[in-house]
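# Understanding the architecture of this molecule
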Amino acid sequence: MNTGKVDVLLGLQWGDEGKGKIVDVLSQKADCIVRFQGGNNAGHTVVAGGQKNVLPLLPSGVLNPKAKCIIGPGVVVDPFVLLEEMDTLTSKGVSVDHIYISDRAHLLMPYHVQLDCLQETRDDARKIGTTKRGIGPCYADKYTRIGLRVCDLEDWDVFCEKLSHALEMKNEMITRVYGGDPIDRDELIARMKPVRDRLLPMIVESVTMVNEALDQDQTVIFEGAQAAMLDINYGTYPYVTSSNPTAGNACTGSGVGPRF
């Protein structure tokens, strides 16, 4: 039975409601902060100690070095953006040693970004108004079961094989449907190698980590991005995001039961 204290932070409108500020305040007494959906299309800005910190992907509680900050299974992770965000924090003297990534989270790749941009610019009359950061195409791959997960990085040969398979299909779409330039496989693999080396120590089986924290009566914050009116099921469709920034997804996007 999970008995720890739980706070779920959500937006009730279309986002930009100050969630990051609230998470930052609550996280000072938290043991664990879990981001459970979305990607770097969200943007929580926290000002602390006179410094402005823009956190599009990391949990806003990252400014508390004593709390475990987990990017959960329901998040899509652009590894290049993640590392850039971490490097920016490091340059400001903020610790990033307490950041973990679920092995079940999906990797957002450069071809997702390219497809997002091509789709948005193809027909002005049918623009959704995405951030052009690849979130929708990445979630689409997740649900058509051709996505790359963070755990795939643990076996480099397996990762390269899966990436080659996915990229072959994506390049065909990029060139034949949208008339764009294909992405070079070898160049992308070369870019991913140092990224993988940095991410490997951060990869965890987060479901067990979070549930054990709750079983130990620790305080856990579940941090959502965007807001309810952008929910893929219940929002102002089709002008919505590609995930569920509502309460139910705090469970499925983090791997805990509804009676926590």
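Structure report, in brief. Everything numeric in this text was worked out from a predicted model, so none of it was measured.

### Structural notes on the pairing of strand S7 (residues 99-102)
Sheet faces and side chains relate simply in a regular strand, where the side chains alternate between the two faces. Looking at chain direction, strand S5 (residues 68-71) and S7 are connected through 3 bridges and run parallel. Bridge pairing in S7 places isoleucine 70 opposite tyrosine 100. Note that S7 and strand S9 (residues 203-204) share 2 bridges and pair parallel. Bridging from a neighbouring strand, serine 102 pairs with valine 204 of S9.

### Description of the sheet that holds S7
To summarise the sheet geometry, strands pair through backbone hydrogen bonds and adopt either a parallel or an antiparallel arrangement. Strand order in the open sheet made by the 6 strands is S1-S10-S2-S5-S7-S9, with parallel pairing throughout. Since the sheet does not close on itself, it has two edges, and those belong to strand S1 (6-9) and S9, each with one partner. In the sheet, strand S2 (residues 32-35) pairs with S5 via 4 bridges, with the strands oriented parallel. Along S5, the bridge assignment pairs cysteine 32 with lysine 68.

### Section: a negative patch on the surface
A grouping of Glu154, Asp155, Asp157 and Glu161 is seen on the molecular surface, where their side chains present a negatively charged patch. Judged by relative accessible area, aspartate 157 falls into the exposed class, the value being 61%.

### Details of helix H7 (residues 206-215)
Where H7 is concerned, the buried positions are Ser206, Met209, Val210, Asn211, Ala213 and Leu214. Between the side-chain oxygen at the start of H7 and the backbone nitrogen of valine 207 there is a gap of 3.0 Å, and the oxygen is on glutamate 205.

### Topic: helix H6 (residues 185-199)
With 15 residues, H6 should cover 21 Å at 1.5 Å per step; its first-to-last C-alpha distance of 20 Å lies within 8% of that length. When the local axis directions of H6 are compared, the greatest deviation, roughly 25°, occurs at lysine 193, which is followed within four positions by the proline proline 194. Those residues of H6 lying buried are Leu188, Ile189, Met192, Val195, Arg196 and Leu199. Contacts made by the buried residues of H6 are with helix H2 (79-91), S7, helix H3 (110-122), helix H5 (156-177) and S9. With a side-chain oxygen lying 3.2 Å from the backbone nitrogen of aspartate 186, the N-terminal cap of H6 falls on aspartate 184.

### Looking at the environment of valine 25
Mapped onto the fold, valine 25 is located in helix H1 (residues 19-27). The exposure class assigned to valine 25 is exposed, which follows from its relative accessible area of 54%. Expressed as a C-alpha distance, the spacing of valine 25 and glycine 61, which sit 36 residues apart in the sequence, is 8.2 Å.

### Considering the packing of H3 against H5
Running from N to C, H3 and H5 cross one another at 20°; their axes reach a closest spacing of 11 Å. Judged by the angle between their axes, H3 and H5 are roughly parallel. Considering the relative orientation of H3 and H5, their crossing is left-handed. Residues Tyr111, Gln114, Leu115, Leu118 and Arg122 of H3 pack against Leu163, Ala166, Leu167, Lys170, Met173, Ile174 and Val177 of H5. The class makeup of the residues in the contact of H3 with H5 is 9 nonpolar, 1 polar and 2 charged.

### Focus on the pattern of salt bridges
When the charged atoms of two side chains with opposite charge come close together, those side chains can pair. Tallied over the entire structure, the rule returns 8 salt bridges. Measuring nitrogen to oxygen at the nearest pair gives 2.6 Å for the salt bridge that ties aspartate 186 to arginine 185. Look at arginine 185 and you get partly exposed, because its relative accessible area is 37%. Linked through salt bridges whose partners overlap, the residues forming this network are Asp103, Arg104 and Glu205.

Rules behind the numbers
- Residues numbered from 1 in each chain as written.
- Predicted model: local features only at pLDDT ≥ 70, side-chain atom pairs only at ≥ 80, totals over all residues.
- Heavy atoms only, no water.
- Pairing = 2+ DSSP bridges.
- Helix = DSSP H or I, 4+ residues; strand = E, 2+ residues; numbered from the N terminus.
- Patch = residues over 30% accessible without salt bridge, like charges linked within 9 Å, V, L, I, M, F, W, Y side chains within 5 Å.
- Areas by Shrake-Rupley, 256 points an atom, 1.4 Å probe, with all protein chains shown as cover.
- Salt bridge = Lys/Arg side-chain N within 4 Å of Asp/Glu carboxyl O.
- Lys, Arg positive; Asp, Glu negative; His and termini not counted.
- Charge placed at Lys NZ, Arg CZ, Asp CG, Glu CD.
- Buried < 20%, exposed > 50% of the residue type's maximum accessible area, 1.4 Å probe, protein only.
- Polar contact = N/O pair within 3.5 Å; in protein donor to acceptor, adjacent residues only side chain to side chain.
- Expected span 1.5 Å × (residues − 1).
- Bend = angle between axes of the 7 residues up to and from the residue.
- Contact = heavy atoms within 4.5 Å.
- Axes fitted to C-alpha atoms, helices over the stretch in contact; angles between N-to-C directions.
- Parallel < 35°, antiparallel > 145°, perpendicular 65-115°, else oblique.
- Left-handed = near helix turned anticlockwise from the far one by under 90°.
- Nonpolar A, V, L, I, M, F, W, Y, C, P; charged D, E, K, R; others polar.

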